[in-house]
Amino acid sequence: MQTTCFNHHQRICHIVASYGLTGDDPVPFEDYLASLMQAFPEPLIELAIVETLVQQWLRVPLLRGIEFLQTAHQVLQGWDPVVESRLTPGHFEMITGLDPAPIFKALEAIIQDCSSAAEGIARAIVLIPTTEIP
């Protein structure tokens, strides 16, 4: 289990570095990201970062730093209790250069864990297939 978390952490760092998302002041960014990683499952954070990239795609300059993470945090909060993603595994791979299988498999496992818990709250992933990246 530790290895899976470490791999997701590496994947998140890869996406952040690939798009230069830390902005001009990396320390607050890293602190905020660390707090998100304590509050949410890392596969959800990874997906939320990519969703936020897609939402901000046409913005020039690209949103970075704390503002980027605040927007990703809003995406994460909006996914309670249902995770809605318009990203297909193919889109995810094109955007990140990473294998999408670990993300989508981990998300399925999170859903199973939540639905089997005695919380009475079931989480679901709703993939909305599109032919275009939104």
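Residues numbered from 1 in each chain as written. Predicted model: local features only at pLDDT ≥ 70, side-chain atom pairs only at ≥ 80, totals over all residues. Heavy atoms only, no water.

> Looking at this structure, I do not really get the pattern of salt bridges. What am I missing?
As a working rule, side chains carrying opposite charge can pair if their charged atoms are close by. Applying the stated rule across the entire model yields one salt bridge. For Glu46, the salt bridge is made with Arg11, and the minimal N-O distance between the two is 2.8 Å. In this pair, Glu46 sits in helix α3 (residues 42-55) while Arg11 sits in helix α1 (residues 2-18), placing the two residues 35 residues apart along the sequence. Residue classification places Arg11 among the buried positions, given a relative accessible area of 10%. (Salt bridge = Lys/Arg side-chain N within 4 Å of Asp/Glu carboxyl O. Helix = DSSP H or I, 4+ residues; strand = E, 2+ residues; numbered from the N terminus. Buried < 20%, exposed > 50% of the residue type's maximum accessible area, 1.4 Å probe, protein only.)

> What is the right way to read the nonpolar core from this model?
The tendency in soluble globular proteins is for nonpolar side chains to be buried side by side. Counting 34 residues, the largest nonpolar core has Leu21, Leu33, Ile45, Ile49, Leu76, Trp79 and Phe92 as its most contacted members. Breaking this core down by element, the ones donating at least two residues are α1, α2 (26-39), α3, α4 (65-78), α5 (89-96) and α6 (101-116). (Core = buried A, V, L, I, M, F, W, Y, C linked by side-chain atoms within 4.5 Å.)

> Would you take a moment to explain α3 for this structure?
Every α-helix carries 3.6 residues per turn, so stepping three or four residues along brings you back to the same face. For α3, with 14 residues, the first-to-last C-alpha span of 20 Å sits near the 20 Å given by 1.5 Å per residue. Burial analysis of α3 places 13 of its 14 residues in the buried class, which makes it a mostly covered element. (Expected span 1.5 Å × (residues − 1).)

> Sorry, what's going on with unusual backbone geometry here?
Keep in mind that most residues, glycine aside, have a negative phi and that most peptide bonds are trans. In this chain, Val60 is followed by Pro61 through a cis amide linkage whose omega measures -5°. Within the secondary structure, Pro61 is located in the loop between α3 and α4.

> Got a minute to help me understand the packing of aromatic side chains in this structure?
Think of a pair of aromatic rings as described by two things: how far the centres are apart, and how the planes are tilted against each other in angle. All chains considered together, the criterion is met by two aromatic pairs. Judged by centre distance (6.1 Å) and plane angle (80°), the ring pair of Phe92 and Phe104 falls under edge-to-face. Placement of Phe92 in helix α5 and of Phe104 in helix α6 is noted, with a sequence separation of 12 residues between them. (Phe/Tyr/Trp six-rings, centres within 6.5 Å; stacked < 30°, edge-to-face > 60°.)

> Would you mind going over the packing of α3 against α5 with me for this structure?
The geometry of a pair of packed helices is captured by two quantities: the angle between their axes and the separation between those axes. Two elements in contact, α3 and α5, have axes whose closest approach is 11 Å; the angle formed by their N-to-C orientations is 80°. Judged on the interaxial angle alone, α5 and α3 are roughly perpendicular. Packed against α3, whose contacting residues are Glu46, Leu47, Val50, Leu53 and Val54, the element α5 presents Phe92, Ile95 and Thr96 at the interface. (Axes fitted to C-alpha atoms, helices over the stretch in contact; angles between N-to-C directions. Parallel < 35°, antiparallel > 145°, perpendicular 65-115°, else oblique. Contact = heavy atoms within 4.5 Å.)

> Honestly, the confidence of the model for the protein in this entry has me stumped. Any pointers?
Interpreting fine coordinate detail is not advised for predicted regions of low pLDDT. Mean pLDDT for the protein: 82, with 78% of residues reaching 70 or above. Low confidence marks residues 1-5, where pLDDT is under 50. Its contacts with residues over four positions away, or in another chain, come to one contact. (pLDDT = per-residue confidence, 0-100.)

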